Amino acid sequence: MTDCCAITDEVPARQRRILTVVLAINAAMFVVELAGGLLAHSTALLADSVDMLGDAIVYGFSLYVVGRGRQWQARGALLKGGAMAAFGVGVLAEVALKLVRGVVPAAAIMSGVGVLALAANGVVLACLWRRRDDDLNMRSAWLCSRNDVMANAGVLAAAGGVAVTGSPWPDIVAGAAIALLFCTSAVEVLHTAGRQLRPRPAP
């Protein structure tokens with residue numbers, strides 16, 4: 001019971017400051033990328049915007065479990081892993097719809113919003129870097145941010161591909177790759193959280 005509810009005052013104060021900053025950045029970028037994805041008809045941008053929303057929710061829960069015991073942090077990681085997996089499935093569904101519709105996205109909007117998102121997530125990743133090994137809570141938050149940077153790079157690559165080919169396929173491939181990234185990261189986070197939730201053997 002002590003492990004579940006314990007609050008510490010050392011590192012958590014710094015963690016709270018960092019998580020508050022990255023929560024605000026992700027919430028703002030969700031709005032920007034969602035609008036850009038709808039305007040550009042881009043699967044990759046929409047996927048990235050949903051990921052931003054998920055990260056904002058995740059960082060909010062991370063703020064709640066900062067400084068609490070291993071059990072609370074593991075439960076938070078389970079939520080994060082479940083969110084990653086759900087977003088992966090959702091993006092795959094969007095990819096399927098894009099295959100049916102075959103709409104070519106607007107490469108210029110994809111590029112502009114993609115550059116802005118990459119810059120924002122670069123700031124988030126830098127903020128979380130020094131705290132990534134503090135505990136499972138911060139480690140899983142850092143993994144979310146790392147995925148975001150990789151997804152942003154994928155969006156920019158897709159925008160270039162769309163501009164060169166005039167085809168929706170680069171956008172479709174990028175969206176599918178982002179979905180797979182969500183799913184593999186979800187497996188890693190859920191596996192680690194599951195191990196931490198298992199009862200420890202009696203001494």
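Quick summary incoming for the structure in this document. The shown structure was predicted, so the numbers you read here are calculated from the model rather than taken from an experiment. (Residues numbered from 1 in each chain as written. Predicted model: local features only at pLDDT ≥ 70, side-chain atom pairs only at ≥ 80, totals over all residues. Heavy atoms only, no water.)

1. Observations concerning the overall build of the protein
Then step 1. Within the protein, the regular secondary structure consists of 7 helices and 0 strands.
Then step 2. Ordered by position from the N terminus, the helices and strands of the protein form the series α-α-α-α-α-α-α.
Then step 3. Looking at the protein as a whole, 46% of its 203 residues qualify as buried.
Then step 4. Long-range pairs, those at least 24 residues apart, make up 83% of the contacts in the protein with a sequence separation of at least 6.
Then step 5. In the form shown here, the protein has an accessible surface area of approximately 9,400 Å², with 70% of it arising from carbon and sulfur atoms. (Helix = DSSP H or I, 4+ residues; strand = E, 2+ residues; numbered from the N terminus. Buried < 20%, exposed > 50% of the residue type's maximum accessible area, 1.4 Å probe, protein only. Contact = heavy atoms within 4.5 Å. Areas by Shrake-Rupley, 256 points an atom, 1.4 Å probe, with all protein chains shown as cover.)

2. So, the packing of aromatic side chains
Then step 1. Within the structure shown, the criterion is met by 1 aromatic pair.
Then step 2. Between the aromatic rings of Trp129 and Trp142, the centroid separation amounts to 5.9 Å while the plane-to-plane angle is 65°, which identifies the pairing as edge-to-face. Of this pair, Trp129 sits in helix H5 (residues 107–129) while Trp142 sits in helix H6 (residues 136–165), and the two are 13 residues apart along the sequence.
Then step 3. Residue class for Trp129 comes out partly exposed when judged on its relative accessible area of 45%.
Then step 4. Trp142 sits in the buried class, given a relative accessible area of 9%. (Phe/Tyr/Trp six-rings, centres within 6.5 Å; stacked < 30°, edge-to-face > 60°.)

3. Comments concerning helix H2 (residues 12–40)
Then step 1. With 29 residues, H2 ought to run about 42 Å at 1.5 Å a step, and its terminal C-alpha atoms sit 40 Å apart, in line with that.
Then step 2. Residues Pro12, Gln15, Ile18, Leu19, Val22, Asn26, Met29, Phe30, Glu33, Gly36, Gly37 and Ala40 constitute the buried set of H2.
Then step 3. One or two residues past the end of H2 sits His41, with phi positive at roughly 55°. (Expected span 1.5 Å × (residues − 1).)

4. Digging into empty space enclosed by the protein
Then step 1. As enumerated under the stated definition, the model contains 1 cavity of 30 Å³ or more in all.
Then step 2. Within this model, the largest cavity holds a volume of roughly 30 Å³.
Then step 3. Elements with a contribution of two residues or more to the lining of the largest cavity: helix H3 (43–65) and helix H4 (70–101).
Then step 4. Counting residues per element, the lining of the largest cavity draws most heavily on H4, at 4 residues.
Then step 5. Partitioning the lining of the largest cavity into residue classes produces 5 nonpolar, no polar and 3 charged. (1 Å grid on protein atoms, 1.4 Å probe; cavity = no way out; pocket = protein on both sides within 12 Å on 5 of 7 lines; lining within 4 Å. Points joined across faces, edges and corners; volume = space filled by probe spheres on them. Nonpolar A, V, L, I, M, F, W, Y, C, P; charged D, E, K, R; others polar.)

5. Notes on H5
Then step 1. With 23 residues, H5 extends 31 Å between its outermost C-alpha atoms, agreeing within 8% with the 33 Å of an ideal straight helix rising 1.5 Å per residue.
Then step 2. If you check which residues of H5 are buried, you get Ala107, Met110, Val113, Gly114, Ala117, Ala120, Asn121, Val124 and Leu128.

6. Some remarks on a nonpolar patch on the surface
Then step 1. Among the surface-exposed residues, Leu99, Trp169 and Val173 lie close enough to one another that they form a single nonpolar patch of about 320 Å² accessible area.
Then step 2. Counting through the fold element by element, Leu99 comes out in helix H4. (Patch = residues over 30% accessible without salt bridge, like charges linked within 9 Å, V, L, I, M, F, W, Y side chains within 5 Å. Salt bridge = Lys/Arg side-chain N within 4 Å of Asp/Glu carboxyl O.)

7. Notes on the side chain of Asn26
Then step 1. Tracing the sequence through the fold places Asn26 in helix H2.
Then step 2. With near-sequence residues (within four places) excluded, Asn26 lies in contact with Met52, Asp55, Ala56, Tyr59, Asn121, Val124 and Asp148.

8. Regarding unusual backbone geometry
Trans peptide bonds make up most of the peptide bonds, and negative phi angles are found at most residues other than glycine.
Then step 1. Its identity is not glycine, yet His41 carries a phi of approximately 55°, on the positive side.
Then step 2. By secondary structure assignment, the location of His41 is in the loop between H2 and H3.
Then step 3. Classification of His41 by relative accessible area gives partly exposed; the value is 48%.

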